[in-house]
Amino acid sequence: MRKKIVAGNWKMNTTLQEGVGLAKDVNEALKGVTPQCDVIIAVPFTHLAPIADVIDQQKLGLGAENCADHAKGAYTGEVSAAMVASTGATYVILGHSERRQYYGETSATLRDKVALALENRLTPIFCIGEVLEERENGTYLDVVKTQIEEGLFNLSADDFSKIILAYEPVWAIGTGKTATDDQAEEMHAYIRKVIAEKYGQEVADNTSILYGGSCKPSNAKALFAKPNVDGGLIGGASLDAQSFMGIVTAF
Ligand code: 13P
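Residues numbered from 1 in each chain as written. Predicted model: local features only at pLDDT ≥ 70, side-chain atom pairs only at ≥ 80, totals over all residues. Heavy atoms only, no water.

Draft legend 1. Representation of the site of the ligand in the model. The immediate surroundings of the ligand are formed by N9, K11, H96, E168, A172, I173, G174, G213, S214, L233, G235 and G236. Here an oxygen atom of the ligand sits 3.0 Å away from a polar atom, N or O, in the side chain of N9. G235 has a polar backbone atom sitting 2.9 Å from an oxygen atom of the ligand. For the ligand, whose unbound accessible area comes to 310 Å², protein coverage reaches 95%. Among the residues forming the shell around the ligand, the class breakdown is 3 nonpolar, 7 polar and 2 charged. (Near = heavy atom within 4 Å. Polar contact = N/O pair within 3.5 Å; in protein donor to acceptor, adjacent residues only side chain to side chain. Areas by Shrake-Rupley, 256 points an atom, 1.4 Å probe, with all protein chains shown as cover. Nonpolar A, V, L, I, M, F, W, Y, C, P; charged D, E, K, R; others polar.)

What follows is the structure in structure tokens.
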């Protein structure tokens, strides 16, 4: 059966020293509990190797927030999937709405990134989600379906089974405005149906679909109680070990 997962996305926050401190705090806090979910932190590239050195990855998975859409070569400033993997990280967030919105990521570049991540044995956490206008004009289900079809449906069933999905309605990210648990459940159930139609019910049932967008200790329990919500991708609330643990222990 699919995994329950709580993953932090630190975004462009924390200096290296602050980040190593935060990772140590989360690692320490996890020693005292037996979480009912996998716990992951996705951190800036600069932080990956030093954090890999100080955490127990059996209890706390480590990931990057992006990787390049080329394997190697003359792409100044880019960081490849192989480089990410060489730090000891095993996850990578791909297609976050902030990357789609501010850095022009398209489904075509995302297909390349997913392929390179998988080649390097990184587990992609693939993000999808509609903007407010699409929520309000009622096209949100179609928008998310298209993002999944264009970004992922070129994969074999075997490769698709390695993907974690994260539904993050853009209007709920960093706004304090969470999707209601019913809104999240509606979308997650729909996403699972879309996957089942392409890859069959077993693959769909085994796919973890996380919710992201102003998820915090106070609303995590209700969200995670929904049958198709398999955990969370946490931004702001993952920057404090105590609040992040408050979400981890919501399972
Ligand atoms: P917030 O939890 O800060 O709304 O961010 C969600 C997110 O974008 C995680 O990837």
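Structure's up, so let's keep going.
Draft legend 2. Geometry of the nonpolar core. If you look at the biggest cluster of nonpolar residues, it comprises 71 residues, and the most contacted ones within it are L152, L165 and I191. If you tally residues by element for this core, the top one is helix 9 (residues 181–199), at 8 residues. When neighbours within four sequence positions are excluded, L165 is seen to be in contact with F126, I128, L152, F160, I191, I195, T207, S208, I209 and L210. One finds I5, I40, I125 and A166 within the second-largest nonpolar core, a separate group that totals 12 residues. (Core = buried A, V, L, I, M, F, W, Y, C linked by side-chain atoms within 4.5 Å. Buried < 20%, exposed > 50% of the residue type's maximum accessible area, 1.4 Å probe, protein only. Helix = DSSP H or I, 4+ residues; strand = E, 2+ residues; numbered from the N terminus. Contact = heavy atoms within 4.5 Å.)

Draft legend 3. Main features of the side chain of S243. Summarising the element assignment, S243 is placed in helix 12 (residues 241–248). Judged by its relative accessible area of 19%, S243 falls in the buried class. The residues touching S243, leaving out its near neighbours within four places in the chain, are P217 and A237.

Draft legend 4. Summary view of the packing of helix 1 (residues 16–31) against helix 2 (residues 45–54). Here helix 1 crosses helix 2 at 35°, and the two axes come no closer than 10 Å. Relative to helix 2, the crossing made by helix 1 is right-handed. Seen from helix 1, the contacting residues are L16, G19, V20, A23, K24 and N27; seen from helix 2, they are T46, H47, P50, I51 and V54. Split into classes, the residues belonging to the contact of helix 1 with helix 2 amount to 6 nonpolar, 4 polar and 1 charged. (Axes fitted to C-alpha atoms, helices over the stretch in contact; angles between N-to-C directions. Left-handed = near helix turned anticlockwise from the far one by under 90°.)

Draft legend 5. Examining the pattern of salt bridges more closely. Here the structure, examined in full by the defined rule, presents 13 salt bridges. Note that R192 is salt-bridged to D230, the shortest N-O span being 2.8 Å. Remark: D230 occurs in the loop between helix 11 (217–224) and strand 8 (231–234) and R192 occurs in helix 9; sequence separation between them is 38 residues. For the pair shown, R192 and D230 are each scored as buried. Several salt bridges share partner residues, and in doing so they unite R2, K4, R192 and D230 into one network. (Salt bridge = Lys/Arg side-chain N within 4 Å of Asp/Glu carboxyl O.)

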